[in-house]
Amino acid sequence: MRTTPTTTGRYVVTGARVLGREPTDLLLEDGVVAEVGPGLARGRAEVVDADGLVALPGLVDLHTHLREPGREDAETVETGTAAAALGGFTAVHAMANTDPVADTAGVVEQVWRLGREAGHCDVHPVGAVTVGLTGERLAELGAMAESAARVRVFSDDGACVSDAVLMRRALEYVKAFGGVVAQHAQEPRLTQGAQMNEGELSGVLGLAGWPAVAEEAIIARDVLLTAHVGSRLHVCHVSSAGSVEILRWAKSKGWNVTAEVTPHHLLLTDALATSYDPLFKVNPPLRTGEDVLALREALADGTIDAVATDHAPHSHEDKDCEWAAAAMGMLGLETALSVVQEAMVETGLLDWAGVADRMSSRPARIGLLDGHGHALEAGAPANLVLLDPAARRTIDPFALASRSRNTPYAGRELPGAVVATFLRGVPTVLDGKLQ
Amino acid sequence: MNRHLLSGADLSHADALLVLDTAEELAQLADRPIKKLPTLRGRTVVNLFFEDSTRTRISFEAAAKRLSADVINFSAKGSSVSKGESLKDTALTLEAMGADAVVVRHHASGAPHRLAHSGWIRGSVVNAGDGTHEHPTQALLDAFTMRRRLNGDRPLGTDLTGRRVTIVGDVLHSRVARSNVLLLHTLGAEVTLVAPPTLLPVGIDAWPCTTSYDLDGELAKSDVVMMLRVQRERMTTEGGGFFPSAREYSRRYGLDRRRVAVLPDHAIVMHPGPMNRGMEIAAEVADSARSTIVEQVTNGVSVRMAVLYLLLSGSTEITEVTA
Ligand SMILES: [Zn+2]
């Protein structure tokens, strides 16, 4: 990352509304929030005018596909983390479904090192649960945990650990190093060739259905397994009202289960498939309006712990084709905060403190990241985002930092804009521009 | 009419009658010694087939040629396309050839929709069957056949109000069923879909039709029984295991002589082809006087002529027919 030689390394952020509250100043020094309060002395510090801006702790994404190694044509650690910083993130978890798969200490260390070199945000590699994501035998989870990357989140994301015994073993095994298994809940036999949410529209459009029960059945099994072996489960990209019910029940039992929802499942519905435009093809699929409302409610009441982007870059060729041939997934990092503002804040379901909890504190806790998700108080690491909630912007796929263009929000106006992001006191984004 | 024909729902009641009436007029042509009209001279129709269907391709080809259009057959099956050359690249090639209409058959649902709406080509797109989605010209030829058989000598201007049409078979995977439900509903018919529950899609309650699991309960009140092709692979585990055996399917949902005997005297038996004789339809039923299966093929050409004519000529009067 470039730093301007004139900077003193000290910043005074003035007039920021921390968690949307009364304006205050923050002094960032030596990587931490040194002081918080109105009218701080500026001294030789550089002033960042945050009048009218909301300050949140730097966002943490539990679910990012950076595509490197293997699909550098779609995204790299450099471009993906640039997108993350521009979206207000200071840490991302890089999913394991790369080529080669991140199923060894060597690969996770490579990704971790690439993240350090890029410097836009912290990159925490997710380790594969099974060798090659094939769901046959456990990868060397311990070696990944002990590597320089210190992996704590394990996932076969893209594939479901569908074998019940293997899932049980994974849940048991990660207890040795405080890990968590992040399950992509998708019963494979019920979703063979699945193209979109199974419901009224799939029948009309003649697209093979992806029934919500294929997700719900796996979640039900996994929460029971988690309770049985006393481990920790995280459920990726929850997409249906039924899944929410199961999670609510599991949490009421006191079981150690957490869950995430993507921004797109909080805003978009399966009606978009009527265009047959593969920009709206994603896994799990967009579901009904009722599901969207249930997910919002669950995020508001804490049944769903976190928003995670499932940022999934795909090359133009993989999307500019017929629906069935297209890859599943959509970009998310640069629009996540705006989508959450529209779906959760402007609907009155969450205030900014709630957003900070669901997009920073809780995901940091789930991923066991010590340096992230802290309240912006004196002594906390200086990881923060400044956003302008009054801004409105029309999403231009060609203006994104991601190497890919597959945003479902192209041409759509979204509220809010990230003005600045600080990683340990150093701006990664200033005036909305990558530093 | 819309610029494209992608779905049975693209046609209003007036549009559907216009196509059927135009097809009637064009059908007269078949009885004349010179079967060609100069109407589409200088226009290019491309048959773009990503999936084998000789019957449908030949039907569209004959229709275009009788209207004097230049026809280019582009069979993508087995060529680079099926190995992943994009639909888009193919479309751009066709655009460069100056296609005025592209008749597309594709294994992926929605591919004609993509072709029509992605800005890749300027011509009209006619859906000749896409995946498990729709096949609107099949529905038009079916409606045309029903109208001729049931509405007597003067079908012009008539619709199918009050007619009961029973469609039997693999509705889940059938593009014929989807287009027929939409078009026949527009034309006033009452459609009942009959199939084992495994072969009816989730959400079918919202379709403009009724459903039943019991074929015998529907026969006596049917004016039309349309049998859909059922692929034997559907009963295998790899094929989805939708029903236990061909024999059981045939026993519960096949149209045999015993079931035909229950039909009203005027009722007709239809099949979009190709048939599995002995599976969904008994050979003697397929070859009986009630069967319209051969007529459907003939009528297909007339209906496709009407569609190409109306999409491409920009006029609704067939002055050339009488000229
Ligand atoms: Zn996933």
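Scroll up to find the structure.
All values derive from a computational prediction rather than experimental measurement.

About the cut-offs
Residues numbered from 1 in each chain as written. Chains lettered and ligands numbered in written order. Predicted model: local features only at pLDDT ≥ 70, side-chain atom pairs only at ≥ 80, totals over all residues. Heavy atoms only, no water. Helix = DSSP H or I, 4+ residues; strand = E, 2+ residues; numbered from the N terminus. Rg over C-alpha atoms; globule rule 2.2 N^0.38 Å. Buried < 20%, exposed > 50% of the residue type's maximum accessible area, 1.4 Å probe, protein only. Contact = heavy atoms within 4.5 Å. Buried area = accessible area lost by both parts, 1.4 Å probe. Salt bridge = Lys/Arg side-chain N within 4 Å of Asp/Glu carboxyl O. Polar contact = N/O pair within 3.5 Å; in protein donor to acceptor, adjacent residues only side chain to side chain. Nonpolar A, V, L, I, M, F, W, Y, C, P; charged D, E, K, R; others polar. Pairing = 2+ DSSP bridges. Lys, Arg positive; Asp, Glu negative; His and termini not counted. Right-handed = clockwise from strand over helix to strand, strands pointing away. Core = buried A, V, L, I, M, F, W, Y, C linked by side-chain atoms within 4.5 Å. Domains from an automatic or database assignment. Axes fitted to C-alpha atoms, helices over the stretch in contact; angles between N-to-C directions. Donors = N, O, S within 2.8 Å, 3.2 Å for Na, K, Ca; no water.

1. Quick look at the overall build of chain B
At step 1: Along the backbone of chain B there are 12 helices and 9 strands.
At step 2: Its C-alpha radius of gyration of 19 Å places chain B within 12% of the 20 Å reference for a compact globule of 323 residues.
At step 3: For chain B, the spread of C-alpha atoms along the principal axes amounts to about 55 × 50 × 35 Å.
At step 4: Taking all 323 residues of chain B together, the buried fraction comes to 56%.

2. Things to note about the interface of chain A and chain B
At step 1: Of the residues lining the interface, 21 residues belong to chain A; the matching set on chain B comes to 19 residues.
At step 2: Interface area for chain A against chain B, summed over the two sides, is near 1500 Å², with a carbon-plus-sulfur share of 53%.
At step 3: At the surface where chain A touches chain B, the tally comes to 3 salt bridges.
At step 4: A salt bridge links A:D320 to B:R114, with the nearest nitrogen and oxygen atoms 3.7 Å apart.
At step 5: Inspection of the chain A/chain B interface yields 8 residue pairs in polar contact (both at pLDDT 80 or more).
At step 6: Partitioned by chemical class, the residues of the side of chain A that touches chain B number 8 nonpolar, 6 polar and 7 charged.

3. A few points about the pairing of strand β2 (residues 23-29) of chain A
All names here are of chain A.
At step 1: Of all 7 residues in β2, 5 are buried; the element is thus mostly enclosed.
At step 2: In sequence, strand β1 (residues 11-18) turns back onto β2 through a hairpin of 4 residues, with L19 there showing a positive phi of about 55 degrees.
At step 3: The pairing of β2 with strand β3 (residues 32-37) spans 5 bridges and is antiparallel. Paired with L26 across the bridge in β3 is V36.

4. With respect to the side chain of A:D310
Residues and elements named next belong to chain A.
At step 1: Mapped onto the secondary structure, D310 falls in the loop between β15 (306-307) and α10 (336-345).
At step 2: Although D310 is buried, it makes no salt bridge; R67 carries the closest opposite charge, 6.8 Å away.
At step 3: A distance of 3.0 Å separates the side chain of D310 from the side chain of H65, its partner in a polar contact.
At step 4: Sequence-distant contacts of D310, that is, excluding residues within four places in its chain, are made with H63, H65, D157, H237, T262, H264, N283 and M330.

5. Brief notes about the pairing of strand β6 (residues 190-194) of chain B
Regular strands place their side chains on alternate faces of the sheet.
All names here are of chain B.
At step 1: β6 sits mainly inside the fold: 4 of its 5 residues count as buried.
At step 2: In this structure, strand β5 (residues 164-168) lies alongside β6, joined through 5 bridges in parallel fashion. Across the sheet, the residue bridging to R164 is E190, located in β6.
At step 3: With respect to chirality, the unit in which β5 leads through helix α6 (residues 175-186) into the neighbouring parallel β6 is right-handed.

6. Things to note about the nonpolar core
At step 1: A:L56, A:F154, A:L337, A:V355 and A:M359 are the most contacted members of the largest nonpolar core, which has 91 residues in total.
At step 2: Broken down by element, this core gets its largest block of residues, 7 residues, from α10(A).
At step 3: Among the domains, domain 1 (3-55 + 379-434) and domain 2 (59-366) of chain A are the pair contributing at least three residues each to this core.
At step 4: Those residues within four positions of A:L56 in sequence are excluded, and the remaining contacts are A:L19, A:L337, A:W352, A:V355, A:A356, A:L376, A:N383, A:L384, A:V385 and A:L387.
At step 5: If you look at the next biggest cluster of nonpolar residues, it comprises 87 residues, including B:L20, B:A139, B:Y249 and B:L310.

7. Brief notes about the sheet that holds β15(A)
Residues and elements named next belong to chain A.
At step 1: Sheet architecture is open: 5 strands sit in the order β9-β10-β13-β14-β15, paired in parallel fashion. At either end of the open sheet lies a strand with only one pairing partner, and these are β9 (153-154) and β15.
At step 2: Note: β9 against strand β10 (residues 180-183), 2 bridges, orientation parallel. Note that in β10 the partner of V153 across the bridge is V180.
At step 3: The strands touched by helix α6 (residues 212-229) are β10, β13 (233-235) and β14 (257-261); relative to β13, the strand with the most contacts, the crossing angle is about 165 degrees.

8. Some words on the coordination of the zinc ion
All names here are of chain A.
At step 1: Protein ligation of the zinc ion involves D157 (OD), H184 (ND1) and H237 (NE2), the donor distances falling in the range 1.9 to 2.2 Å.
At step 2: In the primary sequence, the donor residues of the zinc ion line up as D-x26-H-x52-H. Here D157, found in the loop between β9 and α4 (164-173), pairs with H184, found in the loop between β10 and β11 (196-197); they are 27 residues apart in sequence, far enough to count as distant.
At step 3: According to the relative accessible area criterion, H184 is buried, its value standing at 2%.

9. Comments concerning the pattern of salt bridges
At step 1: One pass over the structure, following the stated rule, counts 35 salt bridges over all chains.
At step 2: Between A:R221 and A:D222 there is a salt bridge whose closest N-O contact spans 2.9 Å.
At step 3: You can call A:D222 buried: its relative accessible area is 1%.
At step 4: With a shortest N-O distance of 2.8 Å, B:R147 and B:D21 are connected by a salt bridge. One end of the pair, B:R147, is in helix α5 (residues 136-150); the other, B:D21, is in helix α1 (residues 13-29), and 126 residues separate them in sequence.
At step 5: Accessibility expressed as a relative area gives 1% for B:R147, which makes it buried.
At step 6: The exposure class of B:D21 is buried, given its relative accessible area of 18%.
At step 7: What emerges from the salt-bridge pattern is a single network uniting A:K251, A:D305, A:D357, A:R358, A:R362 and A:R365.

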